[in-house]
Amino acid sequence: MKPEIIDGGEELDVAAPRCFGKIARLQTSWIEANPLRRFHVCPNLSGRKKKGCGFFVWVDVEFPPREKALVGWLLRRLKEREKDVRHRQSRERKLMGWLIHSWGLVMLLLFWQFL
Ligand SMILES: [Zn+2]
C-alpha cells in the first residue's frame, strides 16, 4: 500500500492508502463515540450490500474525552435544531396550504355574490 494524495477539497492533506489498487475511500465519522473523526475504508464497501475486504484505518487521532464530550454535545444541539427547523417548515407548509384553500373559498364566495 503506497500512500497517495487524494485530489480535491479538504482531503488534500490526507495521504490515502490503497486497497487492491484502488484508493481507499475517505469518510468522516459522525457518531458520538468518534465525532468528526476521519477514516479510510475499502473502496469496494458501499452501504450494507457490498462489504468490501474489511480494510479500515483511522486518519485523525481520537479526541480527548473532554473535547469528545463537547463535540458530542454540539452535534446533539445541532440535530435538535435541525429537527426543530424541519418541524417548523412542515407547519409552515400546512399553514400555506390552508391559506391557499381558504383564499380559494373566499374567491368562490365572492364570485357567487356577483352572480
Ligand atoms: Zn478492499
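Residues numbered from 1 in each chain as written. Predicted model: local features only at pLDDT ≥ 70, side-chain atom pairs only at ≥ 80, totals over all residues. Heavy atoms only, no water.

A. The side chain of S29, seen in detail. Relative to the helices and strands, S29 is located in strand β5 (residues 25–29). Residue S29 is classed as buried on the basis of its relative accessible area of 7%. Within the structure, S29 has its side chain in polar contact with the backbone oxygen of N34 (distance 2.5 Å). (Helix = DSSP H or I, 4+ residues; strand = E, 2+ residues; numbered from the N terminus. Buried < 20%, exposed > 50% of the residue type's maximum accessible area, 1.4 Å probe, protein only. Polar contact = N/O pair within 3.5 Å; in protein donor to acceptor, adjacent residues only side chain to side chain.)

B. Here's a closer look at the UniProt feature "domain: GRF-type" (unreviewed entry) in the chain. Within this numbering scheme, the UniProt entry marks residues 21–60 as carrying the feature "domain: GRF-type" (unreviewed entry). Here residues 21–60 runs as 0% helix and 38% strand, with 23 Å between its end C-alpha atoms. (UniProt positions renumbered as here; feature names shortened; annotations may be inferred.)

C. Local environment of helix α1 (residues 65–113). Its 49 residues give α1 an end-to-end C-alpha distance of 71 Å, which sits within 8% of 72 Å, the value for a rise of 1.5 Å per residue. Among all positions in α1, only K68, V71, G72 and L75 are buried. (Expected span 1.5 Å × (residues − 1).)

D. Structural view of the sheet that holds β5. Spatial strand order, β5-β6-β7: 3 strands in an open sheet with antiparallel pairing. Two strands lie at the open edges of the sheet, namely β5 and β7 (56–58), each paired on one side alone. The mean angle between the axes of side-by-side strands here comes to 30°, regardless of whether they run parallel or antiparallel. Two elements, strand β6 (residues 37–41) and β7, share 3 bridges in a ladder whose sense is antiparallel. Looking across to β7, one finds that H40 is bridged to V57. (Pairing = 2+ DSSP bridges. Axes fitted to C-alpha atoms, helices over the stretch in contact; angles between N-to-C directions.)

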